[in-house]
Amino acid sequence: MNAPLSPKLMAPPKIEFKLNHQTVLGFEGESILNAAKRNGVDIPHLCYKEGMRADGNCRACVVEIKGERTLAPSCCRNVSPGLEVSSQSLRAQKSQEMVLELLLSDMPDNGYKWTEQGQHGELSDWAHKLNVAVRPELKSLSREQPACDVSHPAMAVNLDACIQCNRCVRACREEQVNDVIGYAHRGANSQIVFDIEDSMGSSSCVACGECVQACPTGALMPKTQIGSQVVDQKVDSVCPFCGVGCLLTYNVKDNKIVSVEGRDGPANHNRLCVKGRFGFDYIQHPQRLTVPLIRKAGMAKDPALIGALNRNAADWSSVFREATWEEALALGAGKLKQLRDTHGPKSLAGFGSAKGSNEEAYLFQKLVRTGFGSNNVDHCTRLCHASSVSALLEGVGSAAVSNQVNDVEHAGLIFIIGSNPTANHPVAATWMKNAAKRGAKIVLADPRITDIGKHAWRTLQFKPDTDVAMLNALIYTVIEEGLANQEFIQTRANNYEALKQNIQGYSPEVMAPICGIPAETLREVAREFATSKSAMVLWGMGISQHVHGTDNARCLIALVTVTGQIGKPGSGLHPLRGQNNVQGASDAGLIPMMYPNYQPVSNPDAHDWFEKFWNTPLDKQPGYTVVEIMHKALAEDTDPHKVRGMYIMGENPAMSDPDLNHARHALASLEHLVVQDIFMTETAWLADVVLPATAWPEKTGTVTNTDRMVQMGRQAVQAPGQAKADLWIIQQIAKGMGLNWQYAGEHHGVPAVYEEMRQAMHEVISGISWERLVRESSVTYPCLTDEDPGEPTVFKEQFATADGRVNLVPADIIPANERPDAQFPFVLITGRQLEHWHTGSMTRRATVLDAIEPEATASMCGADLLALGISAGDVVTLRSRRGEVCLVVRRDDGTPQGAVFLPFAYYEAAANLLTNAALDPFGKIPEFKYCAISVEAGGQLAASLGFFQALK
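Just so it is clear, the structure is predicted and the values come from calculations on it, not from any experiment. (Residues numbered from 1 in each chain as written. Predicted model: local features only at pLDDT ≥ 70, side-chain atom pairs only at ≥ 80, totals over all residues. Heavy atoms only, no water.)

> Teacher, can you tell me more about the state of the cysteines here?
Cysteine pairs can be covalently joined through their sulfur atoms, and such a bond is termed a disulfide. Evaluated as defined, the whole model comprises zero disulfides. Here Cys 861 is not cross-linked by a disulfide; its sulfur's nearest cysteine counterpart is in Cys 931, at 17 Å. Residue class for Cys 861 comes out buried when judged on its relative accessible area of 4%. (Disulfide = S-S within 2.5 Å. Buried < 20%, exposed > 50% of the residue type's maximum accessible area, 1.4 Å probe, protein only.)

Here is the structure:
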């Protein structure tokens, strides 16, 4: 198993042995192959890959060991004291060369004719290094070549190039734990198979591409790299999708990304998912914005036309006209400035992006605070983890995770609640599956049983909206059965007695009929959580997106506190972050009530510090949140705080906000809207000025992942047309607002902005300089000095609160704002799916991702379909009190009876037309995860062609 290494592990003892007549040092447990490589000696190998379990079946790496009769495979033979090894003896070399020649003889395309840039990957590379060519008589005896399989949208299966090294099997089964690829038959008939000898395209493959990265010959390869393997350059960067923050390398040719490889970053150790590996070509989509646009005079903003406009997104000329950058910036910033000067600072608001860089987030919030003059700035954290942040700041004094995802390696129990990690954070899910294979117990707590449930020790499929009831029952059991960690509570917790008193009415026996989990199961899980050597809680938006989201998170904080399961390896609290830079954007201050590093704007000391730091008077009152801004956009003209103008960078509230009819009406009612994006999003159709920006692979900057790792992303390709860097655009808007910013240096001042941000966040990242990030790519915070390696586990001695103790906050059952009734008898649950992300503006324009999941579907269990007389594949209409959508239904027996699951990435069936805008009172987050709907057979589908299909 390729488990992540703990950064704190001591180096194993050194061992002295001889290699090619030279005395060298190896480590205890280290293979001869790896020791040789570390000492500058390359031994050919094909079935072994660094980080993967050695199999020793190709025999290309054999060496001669003094005193032994047979040659030994160096990949699975460890060093030992006094060992004398030769990789260059005549016998060893002849054997190595013979293996390579025999394997080459079976390769297609005249493999016996060696060229330096051969098409057989590592096999060709090793043959070139050892000067191996295939004799014609061997080529004449080559095997009968199997047919290729190109049924999968992303990958080609060329078994004529397969050497049966089994690296793909180990990658699929042992690293990603997807169990799709196997090895079937015997002898000359043996071969790699997918499931039960299915084609790859019809198999259960999830397209993570780990097999492609593992394959040494191109037998499995990206379709985008069929043909010449030569690229112009390789550029190291970080994945632009979820919060896991996988490091990767872009392979670039002719200013286009042709493929992506996983890099050995601390969060992913070479692994990627389907989005990270195959979701890159959205940046080359024909619908990219390449010139500034201005709305045509007299062209009304009609939210009802968004659907029709989206279906012809490449043709914006019916609504907008081209403009020069000078004209667009003058109008965009000039009108915002006029509104500010006429109606006051509260009349403006800004939405920044969690898909951009830390530098962009920092500069955007600084623009709103110092240029607009208010704190009316927010981003999508308000729609995903705002309640988690609220509870964490209140309870432990920090909104970041206590332990990193791959710390599940050290966990005895892994409690996953309100999260579907195999779809939302697939690489993080691999660490959980790896842990389960080595004996950790996974508990999945969710109204839906998702794929991670296959690996779970226990599943708690509780009724939607009963999180607090279930969690309080677990806390009750821990306390009532004497399992509470009294020493931890006495030395490190406040308000325990109030918590203990509050949960008296929450016994498992009383809560069982409410949450739907048998009392004995609740007790069993509580006991295991409390007595495990370490227990770690990971949660997603199933916890946070409720009117009681903050209370849900308070319960999780209480659970780990009363059991003492925090502040040590394999334990603690981890809210899995949604987008690639939600953590970083929040850290940088892109929220209305906090300056950078979560300094409250209402705190006089913080206010005075930032006034002095930015040399500008600042508003002392928190600004409005995303949903509140929409309400203020529709306020009466007499309201002094009516929002009249907005600047939106890389956000799409016309798809992501709840109650979309209301949100779109609000956006259309603005006197002035400036949108900065890479596509004509639903929001951009309602803009007055549209500014073409850069996609992630077209810029350089940093992001911060869910593990508190600040990571470097590097520009790989040039932006199309007149599209400009986001950081440059922000600075031009600031200039138009009257600000005199000077950020000199490369990439429009990215290093200078980062260093200013580092000063503003000196309490956590003072030790992470720009130069260090360029050198190391990824550094974990808190990190306070240049020599500090960063701290992956926090709260080991004290919490980040004023007194260093956790603040326990009791929680009671608060029902959802809206309950099912006779008219709307079903509960709607929204979320993501594996192939698509956020509002779909990027992933639905990625060829592979669109091909795998081109259409919106609603998921229901078989029992509900039967009761309604509906079959999988039928068209249904979903209605709520706010809107309706029509789409195809899919059977999913993991979805509970009485519930419907709907992904929110599809504009033609926008889930948020249905959702409820009711807010959690603390985190101000909407209740996306619960509203009442009806389900009816039939309806008229909106045009639901994928973006690529629509272009044909």
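> Help me understand the packing of aromatic side chains in this model?
The relative placement of two aromatic rings is captured by the distance of their centres and the angle of their planes. Under the criterion given, the structure shown has 16 aromatic pairs. Consider the rings of Phe 415 and Phe 529, whose centres lie 6.1 Å apart with planes at 90 degrees: the pair is edge-to-face. Of the two residues, Phe 415 sits in strand β17 (residues 413-417) while Phe 529 sits in helix α18 (residues 519-531), which places them 114 residues apart along the sequence. One exposure class covers both Phe 415 and Phe 529, and it is buried. Residues Trp 609 and Phe 610 carry aromatic rings whose centres are separated by 4.8 Å and whose planes lie at 75 degrees to one another, so their mutual orientation is edge-to-face. Look at Phe 610 and you get buried, because its relative accessible area is 2%. Within the aromatic cluster, the residues linked to one another by ring pairs are Tyr 362, Tyr 595, Trp 609, Phe 610, Phe 613 and Trp 614. Directly above the aromatic system of Trp 457 lies the positively charged group of Lys 441, at a separation of 4.8 Å from the ring centroid. Geometry around Trp 728 places Lys 724 over its ring, the cationic atom sitting 5.3 Å from the centre. (Phe/Tyr/Trp six-rings, centres within 6.5 Å; stacked < 30°, edge-to-face > 60°. Helix = DSSP H or I, 4+ residues; strand = E, 2+ residues; numbered from the N terminus. Lys NZ or Arg CZ within 6 Å of the ring centre and 35° of its normal.)

> Looking at this structure, I do not really get the pattern of salt bridges. What am I missing?
Working definition: two side chains of opposite charge can pair if their charged atoms are close together. Taken as a whole and assessed by the stated rule, the structure comprises 53 salt bridges. The shortest N-O distance in the salt bridge between Asp 341 and Arg 340 comes to 3.0 Å. Overall, Asp 341 belongs to the partly exposed group, its relative accessible area being 49%. Overall, Arg 340 belongs to the buried group, its relative accessible area being 17%. (Salt bridge = Lys/Arg side-chain N within 4 Å of Asp/Glu carboxyl O.)

> Please explain the environment of Tyr 476 as it appears in this structure.
In this structure, Tyr 476 sits in helix α14 (residues 467-480). Residue class for Tyr 476 comes out buried when judged on its relative accessible area of 13%. With 29 residues separating them along the chain, Tyr 476 and Gly 505 place their C-alpha atoms 8.6 Å apart. Beyond its immediate stretch of four places on either side in the chain, Tyr 476 contacts Ile 503, Gln 504, Tyr 506, Ser 507, Pro 508 and Arg 523. (Contact = heavy atoms within 4.5 Å.)

> Help me understand the nonpolar core in this model?
The nonpolar side chains of a soluble globular protein tend to be buried with one another. Counting residues in hydrophobic clusters, the biggest one holds 147 residues, and the most contacted among them are Tyr 282, Leu 367 and Tyr 647. Per-element tally for this core: the top contributor is helix α10 (residues 358-372), with seven residues. Among residues more than four places away in sequence, those in contact with Leu 367 are Phe 372, Tyr 647, Ile 730, Ile 733, Ala 734, Met 737, Leu 739 and Trp 741. In this structure, Ala 445, Ala 473, Ala 526 and Ala 530 belong to the second largest nonpolar core, which totals 56 residues. (Core = buried A, V, L, I, M, F, W, Y, C linked by side-chain atoms within 4.5 Å.)

> Quick question: what am I supposed to make of the sheet that holds strand β30 (residues 778-780) here?
Hydrogen bonds between backbone atoms are what pair the strands of a sheet, whose relative direction is either parallel or antiparallel. Across the sheet, which stays open at both edges, the three strands sit in the order β28-β29-β30 with antiparallel pairing between neighbours. If you trace the sheet from one side to the other, it starts and ends with β28 (701-704) and β30, each paired once. If you compare each strand with its neighbour and ignore which way they point, the axes differ by 25 degrees on average. For strand β29 (residues 709-713) and β30, the ladder comprises three bridges, and the chain directions are antiparallel. When the bridges of β30 are listed, Val 710 appears paired with Val 779. Running at roughly 90 degrees to β28, α10 makes contact with β28 and β29 of the sheet. (Pairing = 2+ DSSP bridges. Axes fitted to C-alpha atoms, helices over the stretch in contact; angles between N-to-C directions.)

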